[in-house]
Amino acid sequence: MNYQDILDFWFAPENQKNWFSKSDAFDQTLEKRFKSTLLSAQKSELWNWRSSAEGRLAEIIVLDQFSRNLYRESPLAFAQDALALALAQEAVSQGLDQQLRPDQRSFLYMPFMHSESPLIHQYALKLFEDLGNPMNLDFEKKHKVIIDRFGRYPHRNAVLGRVSTAEEAEFLTQPDSSF
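Just so it is clear, the model here is predicted, and its values are computed rather than measured. Sequence order sets the numbering: in each chain, residues are counted from 1 along the sequence as written. In keeping with the predicted nature of the model, local features appear solely for residues at pLDDT of at least 70, side-chain atom pairs appear and are counted solely at 80 or more, and the whole-chain, interface and lining totals rest on all residues. Side-chain metrics rest on all non-hydrogen atoms present in the structure, leaving aside hydrogens and water.

With that out of the way, let us pick up the overall build of the chain. Strands are runs of DSSP state E lasting at least 2 residues, helices are runs of H or I lasting at least 4, and numbering of each runs from the N terminus. A count of helices and strands for the chain gives nine helices and zero strands. Secondary structure of the chain in N-to-C order comes out as α-α-α-α-α-α-α-α-α. The C-alpha radius of gyration of the chain comes to 16 Å, within 12% of the 16 Å expected for a compact globule of 179 residues. Projected onto its principal axes, the C-alpha positions of the chain cover 45 × 35 × 30 Å. Note on exposure labels: buried denotes an accessible area under 20% of the residue type's maximum, exposed denotes more than 50%, and partly exposed covers the range between, all computed with a 1.4 Å probe on protein chains only. Counting across all 179 residues of the chain, residues that qualify as buried make up 49%. Across the chain, contacts joining residues at least 24 apart in sequence account for 58% of those joining residues at least 6 apart. Each radius of gyration is computed over the set of C-alpha atoms, and the globule rule expresses the reference value as 2.2 Å times the number of residues to the power 0.38. Any two residues whose heavy atoms approach within 4.5 Å at even a single point are treated as in contact.

See the structure below:
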């Protein structure tokens, strides 16, 4: 497996409809084709991909996106978030994000959006503003509001074994309370 296989698959027009929706068939395809790659990424064995912007992006997609599909409804879905964020932060600090197309950059920036840190969201807002995609920016703003209010994503509480506060429980009954 090489990083171009990840990018070719993820950005293929027929797969884009699955980016932000639940599909058992898509999850099964990911598991069959890329589970071993995710296991390698979890152990930082894909470090040689980091020498290029595209390779770094592919590793981040595996850690940040594939994990959410392959480990859906499991704490493992979020277990790679810190590594994905660190890789994305390094990429941005090295200017590697500027070597990518806007649609690719949006996925390089996703670990910032997935973070439960208000400080990280301050920076994420700037990244998504500079990206110039109104839809991505709108989603970052919605994520940031939740983090600013609760300091975490309440919709993750159950799967992570966290106890929801009364305010979080009430929030979770509202439309658009989870992503």
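Definitions used throughout: a 1 Å grid over protein atoms alone; a cavity as a set of points that fits a 1.4 Å probe which cannot get out; a pocket as an open set with protein on both sides within 12 Å along at least five of seven lines; a lining residue as one with an atom within 4 Å of a point. Grid points are joined across faces, edges and corners, and a volume is the space filled by probe spheres set on the points. Counted as a void, the largest pocket has a volume near 850 Å³. Considering the residues around the largest pocket, the lining is formed by 26 residues, among which Arg-68, Arg-72, His-114, His-155 and Phe-179 are closest to the centre. Taken together, the elements giving at least two residues each to the lining of the largest pocket come down to helix 3 (53-70), helix 5 (102-114), helix 7 (134-150) and helix 8 (157-160). Here the lining of the largest pocket gets four residues from one element, more than from any other, and that element is helix 7. Looking at which domains feed residues into the lining of the largest pocket, each of domain 1 (1-14 + 22-103) and domain 2 (115-178) supplies at least three. Domain ranges listed in this record stem from an automatic or a database domain assignment.

Attention now moves to the packing of aromatic side chains. Stacked, tilted and edge-to-face are the three classes assigned to paired rings of Phe, Tyr and Trp, where Trp is represented by its six-membered ring and a pair needs centres within 6.5 Å; plane angles under 30 degrees give stacked, over 60 edge-to-face, the rest tilted. For the structure shown, the criterion picks out 17 aromatic pairs. Between the aromatic rings of Phe-20 and Phe-107, the centroid separation amounts to 5.9 Å while the plane-to-plane angle is 5°, which identifies the pairing as stacked. Pair noted here: Phe-20 is in the loop between helix 1 (3-10) and helix 2 (24-42) and Phe-107 is in helix 5, with a separation of 87 residues, a long-range link. For Phe-20, a relative accessible area of 56% puts it in the exposed group. Aromatic pair Phe-112 and Tyr-123: ring centres 5.9 Å apart, planes at 40°, arrangement tilted. Of this pair, Phe-112 sits in helix 5 while Tyr-123 is found in helix 6 (residues 118-131), placing the two residues eleven residues apart along the sequence. Any Lys NZ or Arg CZ found within 6 Å of a ring centre and within 35 degrees of that ring's normal is scored as a charge over the ring. The ring of Phe-11 has Arg-101 lying over it, and the distance from NZ or CZ to the ring centre is 5.5 Å. Here Lys-142 stacks its cationic end above the ring of Phe-139, 5.4 Å away from the centre of that ring.

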